[in-house]
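Examining the three-dimensional arrangement
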Amino acid sequence: SPGALASLEAESPGGRDAGEAEGPAVVDWYVVHTWADDPGAKEAALARAARSFHAAHGRAPRVWMDALCPDPALISRERLARVPVHLCRSRGLLLLAGPALASRLWPVIELYLWHCLGGEAAAVHVEPVCRADAEGGAEDAQAIVASFDTFHVMYAQSSREAARDALVRAVELARVAHVNEVVRGHVAAVRAAVAERRLALRQAAEAGKARGPAPPVGGPQAAADV
């Protein structure tokens, strides 16, 4: 929604051509996500990451995200061919890690390409995509950690039929074992981010209990008159 995304600055889809990756990075984060994760929880995670960046740098993060920087003239295979260019122009990676992320082939390839292009693990910011309630958030948190801890690329799927063959071929060329190693290598950062998020959800739930139930609309007098 416009409210949650107001603190982000998205790169124009025009940019430079696919062959023009030289020069300094032009975005702070390349955003890795999957459309299969809950959109509301993902939007909240994106907003938290933006607030965290603003607190550290005093400005909004400039990002590249397919949902915010679409180029309708490109088909899936052409967009896939441009992923390395966008990664090379990014200072870091924002990993919106939800329960479904590691089961989707497209974000797995994005994460693997970041590693192949020399991207540092320290430049990967993990933001868990969890439901807002404590119980649902805890369930999602467990699923996220497990999906990275037990990751195997053979179980990753793609809903983009036009790019599926290219994605599968990329995995074959990269070697399955190496892709698995790279993705599982992020499990410590994912586990730490998830633990921090679970703590925040637990504290919010405890604060809500301490405040007690919300008063009836209209106040005590209105309740008495019913």
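Preceding this section is the structure that the text describes.
What comes next concerns the included structure. (Residues numbered from 1 in each chain as written. Predicted model: local features only at pLDDT ≥ 70, side-chain atom pairs only at ≥ 80, totals over all residues. Heavy atoms only, no water.)

Quick word on the pairing of strand β5 (residues 124-128)
Keep this limit in mind: Accessibility here uses a 1.4 Å probe with only protein chains present; expressed as a share of the type maximum, an area under 20% marks a residue as buried, one over 50% as exposed, and anything in between as partly exposed. Runs of E in the DSSP output that reach at least two residues are strands. Runs of H or I that reach at least four are helices, and both are numbered from the N terminus. Whether two strands pair depends on DSSP finding at least two bridges between them. Seen with the strands pointing away from the viewer, any crossover whose path from the first strand over the helix to the second strand runs clockwise is right-handed.
The element β5 is extensively covered by neighbouring structure, given that four of its five residues are classed as buried. The sheet contact formed by strand β4 (residues 90-97) and β5 spans five bridges and is parallel. Across the sheet, Leu-94 pairs through a bridge with His-125, a residue of β5. With helix α4 (residues 105-116) bridging β4 and the parallel β5, this β-α-β connection has right-handed handedness.

Details of the packing of aromatic side chains
The test is simple: Planes of paired rings set the category: under 30 degrees apart is stacked, over 60 is edge-to-face and the rest tilted, where pairs are Phe, Tyr or Trp rings (Trp by its six-membered ring) whose centres lie within 6.5 Å. Two thresholds decide whether a charge sits over a ring: the Lys NZ or Arg CZ must be within 6 Å of the ring centre and within 35 degrees of the ring normal.
Applying the stated criterion across every chain yields a total of two aromatic pairs. When the centroid spacing of 5.4 Å and the interplanar angle of 15° are considered together, the rings of Tyr-30 and Trp-64 count as stacked. Note that Tyr-30 is positioned in strand β2 (residues 27-32) and Trp-64 in strand β3 (residues 62-64), a separation of 34 residues in sequence. Trp-64 carries the same exposure label as Tyr-30, and that label is buried. When the ring centre of Trp-35 is taken as origin, the NZ or CZ atom of Lys-42, which lies over that ring, is 5.2 Å away.

Looking at the side chain of Glu-127
Test applied: Two residues qualify as a contact provided that any one of their heavy atoms is within 4.5 Å of a heavy atom in the partner residue.
Secondary-structure assignment places Glu-127 in strand β5. Excluding anything up to four places from it in sequence, Glu-127 contacts Ala-45, Arg-48, Ala-49, Leu-94, Leu-95, Leu-96 and Ala-97.

Considering the environment of Arg-164
Among the structural elements, Arg-164 can be located in helix α6 (residues 161-174). Between the alpha carbons of Arg-164 and Arg-77 there is a distance of 8.6 Å; along the sequence they are 87 residues apart. Ignoring sequence-local partners within four residues, the contact set of Arg-164 consists of Ser-158 and Ser-159.

Notes on the packing of α4 against helix α7 (residues 176-184)
As a reminder, the rule being used: Angular values range over 0 to 180 degrees, each being the angle between N-to-C directions of two axes fitted as lines to C-alpha atoms, with helices fitted over their stretch in contact. Roughly parallel refers to an angle under 35 degrees, roughly antiparallel to one over 145, roughly perpendicular to one between 65 and 115, and oblique to any angle outside these ranges. Ten residues, namely Ala, Val, Leu, Ile, Met, Phe, Trp, Tyr, Cys and Pro, are considered nonpolar, four, namely Asp, Glu, Lys and Arg, are considered charged, and the remaining ones, Gly among them, are considered polar.
At their nearest, the axes of α4 and α7 sit 10 Å apart, and the two run at 85° to each other. Regarding the angle of α4 to α7, the classification is roughly perpendicular. Residues Val-108, Leu-111, Tyr-112 and His-115 of α4 form the contact with α7, whose participating residues are His-178, Val-179, Val-182 and Val-183. Considered class by class, the residues forming the contact of α4 with α7 number six nonpolar, two polar and no charged.

A short note on the nonpolar core
Going by this rule: Only buried residues count toward a nonpolar core, which is a set of Ala, Val, Leu, Ile, Met, Phe, Trp, Tyr and Cys residues joined through side-chain atoms within 4.5 Å.
Leu-93, Leu-95, Phe-148 and Val-179 are the most contacted members of the largest nonpolar core, which has 40 residues in total. It is α4 that provides the largest number of residues to this core, a total of seven residues. Counting 12 residues, the second-largest nonpolar core is a separate cluster that includes Val-31, Phe-53, Met-65 and Val-129.

Quick word on the environment of Arg-191
Mapped onto the secondary structure, Arg-191 falls in helix α8 (residues 187-211). We classify Arg-191 as partly exposed; its relative accessible area is 39%. Expressed as a C-alpha distance, the spacing of Arg-191 and Ala-141, which sit 50 residues apart in the sequence, is 8.6 Å. Non-local contacts of Arg-191, meaning those with residues more than four positions away in its chain, are made with Val-145 and Asp-149.

What about α8?
Using the following cut-off: Expected helix span is taken as 1.5 Å per residue step, with the number of steps being one fewer than the number of residues.
Helix length check: α8 (25 residues) gives 36 Å between terminal C-alpha atoms against 36 Å at 1.5 Å per residue, within 8%. Those residues of α8 that fall on the buried side of the exposure criterion are Val-187, Val-190, Ala-193, Val-194, Arg-197 and Leu-201. Elements in contact with the buried residues of α8: α2 (39-57), β5, α5 (134-149) and α7.

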